[in-house]
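As a plain string of letters, each chain reads:
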Amino acid sequence: KTGKTYGDRPPLVLSPDLVPAIDDFLERWRPCLKPLTNSLFCQPRTCKPMTQDSVYQIVSRNCYKITGKRTNPHLLRDMIVTHVKEAGTASEQELEALALYMGHSVAMQRQSYDRRTLKKKVAPAVDLLQSVNTASQADTQQQVSSEGDELR
């Protein structure tokens, strides 16, 4: 991780669409837990602040309930980077920003958090070479055609 290099990560920006649900939780449901903390979420049994381990367990358990596949917060990071890269719409600047947001360097993101197959990773290069070949063939055909017109 690059926390020492880049400093603290910026705060997570939540969608404004979540604000009413969070407000409702804070006003109606959180008091029912009788929390022993000012943290937004507390552990259901102890009412103490959630730890990294408790968040890990909640995410893992709920991902399994929803998908039937075992996963965890670290794999979710892999999935996000892989999805963004497979979509092929993110610029280098956006990928760098995502790496910094995740607390990693771009090199770490490329090395550790990209689970695309080799075929998918090289596909842009294959497409580029095909477009260069197509353009080159079109230029050659046009040149041959022009030379033929001159001979007539």
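Thresholds applied
Residues numbered from 1 in each chain as written. Predicted model: local features only at pLDDT ≥ 70, side-chain atom pairs only at ≥ 80, totals over all residues. Heavy atoms only, no water. Disulfide = S-S within 2.5 Å. Buried < 20%, exposed > 50% of the residue type's maximum accessible area, 1.4 Å probe, protein only. Helix = DSSP H or I, 4+ residues; strand = E, 2+ residues; numbered from the N terminus. Contact = heavy atoms within 4.5 Å. pLDDT = per-residue confidence, 0-100. Expected span 1.5 Å × (residues − 1). Arc of directions from axis to C-beta. Polar contact = N/O pair within 3.5 Å; in protein donor to acceptor, adjacent residues only side chain to side chain. 1 Å grid on protein atoms, 1.4 Å probe; cavity = no way out; pocket = protein on both sides within 12 Å on 5 of 7 lines; lining within 4 Å. Points joined across faces, edges and corners; volume = space filled by probe spheres on them. Nonpolar A, V, L, I, M, F, W, Y, C, P; charged D, E, K, R; others polar. Salt bridge = Lys/Arg side-chain N within 4 Å of Asp/Glu carboxyl O. Phe/Tyr/Trp six-rings, centres within 6.5 Å; stacked < 30°, edge-to-face > 60°. Lys NZ or Arg CZ within 6 Å of the ring centre and 35° of its normal.

## Quick notes on the state of the cysteines
In step 1: What the rule picks out here adds up to zero disulfides.
In step 2: Here Cys 42 is not cross-linked by a disulfide; its sulfur's nearest cysteine counterpart is in Cys 47, at 5.0 Å.
In step 3: Judged by relative accessible area, Cys 42 falls into the buried class, the value being 5%.

## Let's talk about the environment of Leu 33
In step 1: Within the fold, Leu 33 resides in helix H2 (residues 19–33).
In step 2: For the pair Leu 33 and Gln 43, spaced 10 residues apart in the sequence, the C-alpha separation amounts to 8.7 Å.
In step 3: Those residues within four positions of Leu 33 in sequence are excluded, and the remaining contacts are Phe 25, Cys 42 and Cys 47.

## Structural notes on the confidence of the model for the protein
Reading predicted coordinates in detail is not appropriate for stretches of low pLDDT.
In step 1: Per-residue confidence for the protein gives a mean pLDDT of 82, with 88% of residues at or over 70.
In step 2: Within the protein, the lowest mean pLDDT, 57, falls on helix H1 (residues 3–6), and the highest, 92, falls on helix H3 (residues 52–67).

## Points about helix H4 (residues 73–87)
In step 1: With 15 residues, H4 ought to run about 21 Å at 1.5 Å a step, and its terminal C-alpha atoms sit 21 Å apart, in line with that.
In step 2: Of all the residues in H4, the buried ones are Arg 77, Asp 78, Val 81, Thr 82 and Lys 85. Down the axis of H4, the smallest arc covering the buried residues is 125°, so these residues share one side.
In step 3: Looking at the buried residues of H4, the elements they touch are helix H5 (92–101) and helix H6 (106–112).
In step 4: A distance of 2.8 Å separates the backbone nitrogen of His 74 from a side-chain oxygen at the start of H4, and that oxygen is part of Asn 72.

## Quick notes on the layout of surface pockets
In step 1: Reported here for the largest pocket is a volume of approximately 750 Å³.
In step 2: Taken together, 18 residues form the lining of the largest pocket, with Arg 9, Leu 12, Val 55, Pro 73 and Arg 77 sitting closest to its centre.
In step 3: Going through the elements one at a time, H2, H3 and H4 are the ones with two or more residues in the lining of the largest pocket.
In step 4: Sort the elements by how many residues they give to the lining of the largest pocket and H3 lands first, with four residues.
In step 5: Taken together, the residues of the lining of the largest pocket sort by class into 13 nonpolar, two polar and three charged.
In step 6: Of the volumes computed, that of the second largest pocket is approximately 240 Å³.
In step 7: In terms of lining residues, the second largest pocket is bounded by 13 residues, among which Lys 85, Glu 86, Gly 88, Arg 116 and Pro 124 are the most central.

## Describing the pattern of salt bridges
In step 1: Under the criterion given, the structure shown has two salt bridges.
In step 2: Between Asp 24 and Arg 28 there is a salt bridge, with the nearest N and O atoms lying 2.9 Å from each other. Of this pair, Asp 24 and Arg 28 both sit in helix H2, separated by four residues, roughly a single helical turn.
In step 3: A salt bridge links Glu 86 to Lys 120; its shortest N-O distance comes to 3.2 Å. With Glu 86 in helix H4 and Lys 120 in helix H7 (residues 118–151), the pair connects residues that are 34 residues apart, well separated along the chain.
In step 4: A relative accessible area of 42% places Glu 86 in the partly exposed class.

## Focus on the packing of aromatic side chains
In step 1: Enumeration according to the criterion identifies one aromatic pair in this entry.
In step 2: Ring centres of Phe 25 and Phe 41 lie 5.5 Å apart, and the angle between their planes is 40°; on these two criteria the pair is classed as tilted. You can see Phe 25 sitting in helix H2 and its partner Phe 41 sitting in the loop between H2 and H3, a full 16 residues away along the chain.
In step 3: Residue classification places Phe 41 among the partly exposed positions, given a relative accessible area of 45%.
In step 4: The positively charged end of Arg 70 is found above the aromatic ring belonging to Tyr 64, 4.8 Å away from the centroid.

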